[in-house]
Amino acid sequence: MTTSTATATGVPAVRPYESYVYAYPHKTAYRPLPERPVLRELWAAERKDALSLYLHIPFCEVRCGFCNLFTRIGAPEELTTRYLDALDRQAVAVRDALGDDEPVRFAAAAFGGGTPTFLTAGELERLCDIAEKRMGADLRAVPLSVETSPSTATADRLAVLADRGTTRISIGVQSFVDAEAKAAVRPQRRAEVEGALGRIRDARIPVLNIDLIYGIDGQTERTWLTSLDAALAWRPEELYLYPLYVRPLTGLHRLGAGVTGPEAEALEQAAWDEQRLRLYAVGRDHLLAHGYEQVSMRMFRRADAPQEGPEDYACQTDGMIGLGCGARSYTSALHYSFDYAVDMREIRSIIDSFTATQDFSRAEVGRYVDEEEARRRHLLQSVLQAAGLPVADYRARFGTDPWADFPSELAEFAARGWLDEGAPEGLLRLSPPGLAHSDALGPALFSPGVRAAMAAYERK
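Summary of the structure given here.

## Some details on unusual backbone geometry
Apart from glycine, the bulk of residues carry a negative phi angle, and the bulk of peptide bonds sit in the trans form.
Alright, step 1. The residue after Tyr24, namely Pro25, is reached through a cis peptide bond having omega -5°.
Alright, step 2. Residue position: Pro25 is located in the segment before β1 (31-32).
Alright, step 3. Note the cis peptide between Gly113 and Gly114, where omega equals 15°.
Alright, step 4. With respect to the element layout, Gly114 can be found in the loop between β5 (106-113) and α3 (121-134).
Alright, step 5. With phi around 75°, Gln174 is a residue other than glycine that occupies positive phi space.
Alright, step 6. We classify Gln174 as buried; its relative accessible area is 10%.
Alright, step 7. The backbone of Arg235 sits at a positive phi, close to 45°, despite the residue not being glycine.
Alright, step 8. Among the structural elements, Arg235 can be located in the loop between α7 (221-232) and β9 (238-243).

This is the structure:
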């Protein structure tokens, strides 16, 4: 689809794949904070009885062609040791900033990256110690999610994670078809993937999530079903189906699309959008037919599986502690992190700066979130869930109605057929076409200020 076509309702069509909204505002809207606010002051008035804890490990054994995550390949010269040393210093500073005037409790924890299991088994023990002994999180008492990869999901690492309380392991497979993995610049073999999945099941971690990608060059409905069935053979409690994106400064972007001229590019983009929408529908219907429930555009959960933590990592409320140079932290008034980059040289520089930092008592880079942005964020992250947004919950938090706060946006969604007209009274829920267009609907809710900041961001 292109912006020059129209839907059946006569409303001009939009591209279905604008961007994946996993956090709002996006880090490209963050800027250096001139006043470098003191963390103790930022957290003084915040609730601390149900915090989320996220530890970021910015290392991978390889970098896939589609990846724009904040990560680097390898860790020479004991870099992982220096990174964990810095993470330890940061944890001490952050826990001190939280204070002891009221109980500090963590309701959920996650290790992400990068690839946390790039660390050795001993280093993973230390990572867990930082979360528990420095931050005070009881990893065996709360949902703990950890990301891994086929080559790093070794028995000794998984044994550490299982022993320390991991309740969910997420493995990026992307495709069980070797030719497709190669096309996505992801060097792996199906045998390696199957071996890793076997070790994960042997570790008896309660929830297994498998990530798959659709829209890969050469992928067909038949090969897509091959990957889906290969994943289903392991009866994963969760499956994430991601549309492929080719983002600036990634490996696939550097390889180029192979076409020149705006007309040829538009035609190729339209064909790719159509392919991804078609494969999304095939994947959705296949999983629904095999006993899975749709949680969001991307997430599917086996109907009999336990729920571990928040739905699809939606964080409508505040109170997020992020440790590591790629992690975000959320207070009710400020979202903050460190500098952001995609280019490998820039990432290396930021990691080196992080490992040399001694004073972690201040916020360096971020964006303030006012009341209007808080409403927008809550609506955005709630409505992108298949369960929808109970209007009463929104009204209880903000004292207003989403239809009154965002009349033009919601009216447009309704005109496009993206809202479920058959939803129970008081529930704002997306229709199946609305869920399919989540990556267009989400960006449409960005504020003008966030849009301007993202557009002005200089990629690096």
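Let us keep going from here.
## Examining the pattern of salt bridges
Alright, step 1. Taken as a whole, this structure holds 32 salt bridges when the rule is applied.
Alright, step 2. With its nearest N and O atoms 2.9 Å apart, the salt bridge here joins Arg284 to Asp285.
Alright, step 3. Look at Arg284 and you get buried, because its relative accessible area is 17%.
Alright, step 4. A residue is classified by how much of its surface remains accessible, and Asp285, at 42% relative accessible area, is partly exposed.
Alright, step 5. One network of salt bridges, with partners in common, ties together Glu125, Asp129, Glu132, Lys133 and Arg164.

## Focus on the packing of α3 against helix α4 (residues 155-163)
Alright, step 1. α4 packs onto α3 with a crossing angle of 20° between their chain directions and a minimal axis gap of 9 Å. Taken together, the axis directions place α3 and α4 in an arrangement best described as roughly parallel. Relative to α4, α3 is oriented so that their crossing is right-handed. Here Ala121, Leu124 and Glu125 of α3 come into contact with α4, specifically with Asp156, Arg157, Val160 and Leu161.
Alright, step 2. Considered class by class, the residues forming the contact of α3 with α4 number four nonpolar, no polar and three charged.

Calculation criteria
Residues numbered from 1 in each chain as written. Predicted model: local features only at pLDDT ≥ 70, side-chain atom pairs only at ≥ 80, totals over all residues. Heavy atoms only, no water. Helix = DSSP H or I, 4+ residues; strand = E, 2+ residues; numbered from the N terminus. Buried < 20%, exposed > 50% of the residue type's maximum accessible area, 1.4 Å probe, protein only. Salt bridge = Lys/Arg side-chain N within 4 Å of Asp/Glu carboxyl O. Axes fitted to C-alpha atoms, helices over the stretch in contact; angles between N-to-C directions. Parallel < 35°, antiparallel > 145°, perpendicular 65-115°, else oblique. Left-handed = near helix turned anticlockwise from the far one by under 90°. Contact = heavy atoms within 4.5 Å. Nonpolar A, V, L, I, M, F, W, Y, C, P; charged D, E, K, R; others polar.

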